[in-house]
Amino acid sequence: MQTRSFNLHTIIEKRVLTQAAFILRMERKGIEFVAGQHIQVGPPNGIHTREYSIYSSPEDDYIEILVRQVDDGLVSPALNKLGVGDSVVINDAVGYFTIAEELIKDAKFLFIASGTGISPFHSFVKSYPGLDYKLLHGVRYANETYERDDYEAGRYLACTSQDKEGDFHGRVTDYLSKNPVSPDTLCYLCGNCDMIHDAFDILEAQGLRPENLFTEVYF
Amino acid sequence: MNYADAERVQAVMAKLGYTLTQREEEADVIGIIACSVRQKAIDKVYSKIAKWNKWKNKKNLITFVSGCVLPDDRMKFLKLFDLVFDMKELASFPAMLSQYGVTTPVSNSSIVNSEEMSEVARPATVAEKLALAGAKPLSKVAAPPETWDVTPIYNSEFEAFIPIQNGCNKFCTFCAVPYTRGREISRPSEDIIEEVAALIERGYKSITLLGQNVNSYGLDKKGAELSFAALLDKLGEIADNSGHEVWIYFTSPHPKDMTRDVIEAIARRRSLAKQIHLPVQSGDDKVLIRMNRKHSMARYREVVGWIRDLLPGASLFTDIIVGFSGESDEQFQNTRAAIREFEYNMAYIAMYSPRPGAASFAWQDDIPHAVKKERYAVLTGDLEKVALAYTRKMKGETVRMLVRAKDRKDGYLTGHTEGKIIVRFLSEDESLIGQFVDVRIESVRPFSAEGAVVKEVVEA
C-alpha cells in the first residue's frame, strides 16, 4: 500500500445548511477510511489545509465534509467560495476517533457534539446500522441542527443555548447534569474543547470511567 | 531526525564532489535542515540567511533550506534562499543545483568526460536523479523516493542514527509536524535491517532508530510490513548474534501506539537498550485532551507499568510542556505528581510557546511568562529529586559506558551508560572514545555521575 500525498478532488455537490455552514461532497478517488477519521482539505491554489472529520460513510462512493465558515479562517472562507466543478486538495484519512469493531453490535453509546463536531457521529450512524446510540448536539440556534432527519426518531436531541426551539433549552452540559448517564455507556465527545472538558467532568462525577470517554477536540 | 537528514544531504553533496567544511565563511554551498518545532529555531534560520545573503555581494554562494518547514515559512524562504526543497526531494537536489547553473566540483573536473557531464547537467528521469544522488536504483525504491533512499555519510565511527519512519498522524495541538513532515510513512524493513546489520558489522556501538512516531512503524502499511515490535526483535536478534556489543535505541515513541510486545522484545534481546523515552507532555487528563494527545494518564500508566515489570532498572526519559494554554495550577500539580510517580531519569521540559502553524496558535497563550518560568523551575526541582534517587544507587557500583567525547576544558572523557545516564572520568587516553569501558562510580549528581575506569574493553 502506498501512502498518497495531496490529490485534487472535484466537488460534485454543495449543500448550504445555514448562512455559515455547508456540506461539500467530493469525488472519493480511492480514499480509504474508517468512520470517525479525518482528512486535510484545502483550496487547490492555496498553501493551507485544515482537518475535517469525514461526514459521509465508507460505503458511499463520494466523500463529504461539514464546514462552518470561520470569517478570519485560512481555509473555510476559501472553501465556501468554491462550487460544483471546482476542486479541492485532499490527502489520506487518518485519526483514532473510531469505534472498535467488537463494540459496534452490543455496546450502548452516547455521542456528544458541539456544532460541526457532529460530523464523525453522522458517519458512525450512517456506517453502522443498528447502532444503539443517543446523540446530544449542542448548538446555539435550532436552525444549526444540520441534517437531523438523518438520525432515527428519538435518538437525536438538540440542546440549543440561544433559543428555545430545540429539544432542550441549554447547553449539552446542562442536559447531562440533569440527566445522569448510565456508567456502562461508552461516551464519545467531539467539538469545542471547553465543552469536552466540562462534559468530561460531569460524566466522571456520574461514575463513568475515563477509559470509556473518547474525545476529539476541534480547533 | 535532522541530524540523520543532514548526513544524507552531505552524502548527496559528496557525490557531487563537495567536501564538508566546519567554517561557513569557506562554503560555496551552504544550507539548513530546519526544525519547526519551536519558533526560536526558525528565527535563527532568518538570521542566518540574512547574513549569507549579504556575503553574496562578495562571493559566489548558493543557499538552500530543507527539513521541517511550514507552508508560510516555505513561501518566505523561496524569496530568501536559492533552493527550497522537501527532504523527500533530496534525490533531485543535484538536478536542482545543475539547473540553477552551478558547476559542481565533479562537473568541473577534467577527469569527467562529456557524457558524464551532460548527465549531471540534464538528469531527466527519476532513475537518473536517484543515481546522481547516490540513491538506490528505482527498482528498489518505493515511489516517490524518500530521504532514506539516499545512503548517508556517517559522521561518527561508533554511533549512528537511522531513520525508520517519517511524518505524523497524531495532530497534537501544540505541534506543526503533521503540516511539515506529512503523514506517517514507514521505511521498508529490509532496508533498515540491511543498514543496521552493516553498521553492527562495522563495529558501531550505539544505533538509534529515528521517527517522529517511531513506534507507529509499520501501521501505514496495514499488515504488509513488520510491526515495530517485530522489527526491534529482528534487529535485536541480529545484534545479539553478531559477536559485537551494541546498544540499539529508538526515539521518540508515542504512548498511544506503544504495545507490550515492544517492551517484551527489549527485555528479550540483550542489545536492545534498556532506556525508554516516553513523552508524557502533561500529567493531567484534561490538558492531554486539549493537547489532542490521544492518550490518557491511565494509558500512560499502563505503559510505564509494562516497563517497570519487564525492564527493572531501565531508565525512563520524557518530554513535558509547562504553561500550555489554559493549564491551571491544579493541572500543573498533576504533572508534578507524574514526575514523582514515574521517577523519570530525565525530562526535557519546555515552557509553552505558540507555534505558528500548530492548532494551539489560535488559542490564547494565557499563562504569564513568569508563571511558566516558575513552573519550569519547580518541575526541574522535582525532577532532580527523583533522578538523584536513581543515580545515588549507582554510587560505588561499576557501570558500563560508551565513551563519546573528550571535554577539552577539564580533561574528562564523557559518555553515557546503556540507560543514557551521563558519566565522566579523568583520562588523557582519547583512544577510548568510541569504546565501551567499565567505570566505578565515585560521585553522582541528579543527571550524571563521575568515576574511574576499572576495566578497558578491547573489542575482538
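Conventions we followed
- Residues numbered from 1 in each chain as written.
- Chains lettered and ligands numbered in written order.
- Predicted model: local features only at pLDDT ≥ 70, side-chain atom pairs only at ≥ 80, totals over all residues.
- Helix = DSSP H or I, 4+ residues; strand = E, 2+ residues; numbered from the N terminus.
- Rg over C-alpha atoms; globule rule 2.2 N^0.38 Å.
- Buried ≥ 20, exposed ≤ 12 C-beta atoms within 10 Å, placed from the backbone.
- Domains from an automatic or database assignment.
- Contact = placed C-beta atoms within 7 Å.
- Nonpolar A, V, L, I, M, F, W, Y, C, P; charged D, E, K, R; others polar.
- Core = buried A, V, L, I, M, F, W, Y, C linked by C-beta atoms within 7 Å.
- Expected span 1.5 Å × (residues − 1).
- Arc of directions from axis to C-beta.
- Pairing = 2+ DSSP bridges.
- Axes fitted to C-alpha atoms, helices over the stretch in contact; angles between N-to-C directions.

**Examining the overall build of chain A**
Point 1. Along its length, chain A carries four helices and twelve strands.
Point 2. Scaling as 2.2 N^0.38, a compact globule of 219 residues should have a C-alpha radius of gyration of about 17 Å, and chain A matches this with 17 Å.
Point 3. For chain A, the spread of C-alpha atoms along the three principal axes comes to 50 × 40 × 30 Å.
Point 4. Counting every position in chain A, which comprises 219 residues, the buried fraction comes to 42%.

**Points about the domain arrangement of chain B**
The extent of an interface is frequently quoted as the accessible surface area lost upon association of the parts.
Residues and elements named next belong to chain B.
Point 1. In terms of domain boundaries, chain B breaks down into domain 1 (2-140), domain 2 (156-272), domain 3 (274-392) and domain 4 (398-456).
Point 2. Each side of the interface is counted separately: domain 2 has 20 residues, and domain 3 has 26 residues.
Point 3. Of all the elements in the fold, those that place two or more residues in the side of domain 2 that touches domain 3 are β8 (247-251) and α10 (260-268).
Point 4. Examining the composition of the side of domain 2 that touches domain 3, we find that five residues originate from one element, α10, more than from any other.
Point 5. When grouped by side-chain class, the residues that make up the side of domain 2 that touches domain 3 number 13 nonpolar, three polar and four charged.

**Let's talk about the interface of chain B and chain A**
Point 1. On the side of chain A, 20 residues touch chain B, which itself brings 25 residues to the contact.
Point 2. Elements that contribute at least two residues to the side of chain B that touches chain A include exactly α3 (71-80) and α11 (285-290) of chain B.
Point 3. With four residues, the top contributor of residues to the side of chain B that touches chain A is α11 of chain B.
Point 4. Of the residues that constitute the side of chain B that touches chain A, the class distribution is ten nonpolar, five polar and ten charged.

**Overview of the domain arrangement of chain A**
Residue and element names in this part refer to chain A.
Point 1. The domain boundaries assigned to chain A delineate domain 1 (7-90) and domain 2 (101-217).
Point 2. A separation of 23 Å is found between the C-alpha centroids of domain 1 and domain 2.
Point 3. Here the side of domain 1 that touches domain 2 is built from residues that sort into seven nonpolar, five polar and two charged.

**So, the nonpolar core**
Point 1. The biggest cluster of nonpolar side chains holds 171 residues, and the ones touching the most others in it are Phe111 and Ile112 of chain A together with Ile162 of chain B.
Point 2. The contact partners of Ile112 of chain A, leaving out residues within four places of it in the chain, are Leu136, Val172, Cys187, Tyr188, Leu189 and Ala199 of chain A.

**Quick notes on helix α8 (residues 189-201) of chain B**
Residues and elements named next belong to chain B.
Point 1. Along its 13 residues, α8 runs 18 Å from first to last C-alpha, staying within 8% of the 18 Å computed at 1.5 Å per residue.
Point 2. Residues of α8 that are buried include every one of Ser189, Ile192, Val196, Leu199 and Ile200, and no others. Looking straight down α8, one finds that the buried residues subtend no more than 100° of arc, so they occupy a single side. Turned more than 90 degrees from where α8 packs its buried face, Glu190, Glu194, Ala198 and Glu201 sit exposed.
Point 3. Buried positions along α8 lie against β4 (159-163), β7 (206-210) and α9 (228-240).

**Structural notes on the sheet that holds strand β2 (residues 62-67) of chain B**
All names here are of chain B.
Point 1. Read from one edge of the open sheet, three strands run β1-β2-β3, paired in parallel fashion. Looking at the sheet topology across the chains shown, the edges are occupied by β1 (29-34) and β3 (83-84).
Point 2. Pairing of β1 with β2, which is carried by six bridges, proceeds in the parallel orientation. Among the inter-strand pairings, Ile30 is bridged to a residue of β2, identified as Thr63.

**Brief notes about unusual backbone geometry**
The general pattern is negative phi for most residues beyond glycine and trans for most peptide bonds.
Point 1. Note that the residue after Thr251 of chain B, namely Ser252 of chain B, is joined by a cis bond; omega there is -10°.
Point 2. Looking at the secondary structure, you find Ser252 of chain B in the loop between β8 and α10.
Point 3. In this structure, Lys29 of chain A is a non-glycine residue whose phi angle is positive, near 45°.
Point 4. Of note, Lys29 of chain A is situated in the loop between β2 (21-27) and β3 (38-42).

**Observations concerning the sheet that holds strand β9 (residues 275-277) of chain B**
Neighbouring strands of a sheet are bound in pairs by backbone hydrogen bonds; such pairs are parallel or else antiparallel.
Residue and element names in this part refer to chain B.
Point 1. Read across the sheet, three strands follow the order β9-β10-β11 without closing on themselves; strand pairing throughout is parallel. With one partner strand each, in any of the chains shown, β9 and β11 (346-351) form the two edges of the open sheet. Neighbour-to-neighbour, the strand axes of this sheet turn through a mean angle of 10°, independent of strand direction.
Point 2. Looking at chain direction, β9 and strand β10 (residues 315-322) are connected through three bridges and run parallel. Within β10, the residue paired with Ile276 across the bridge is Leu316.
Point 3. Of the strands in this sheet, β10 and β11 touch helix α14 (residues 369-392), which is tilted by about 180° from β11.

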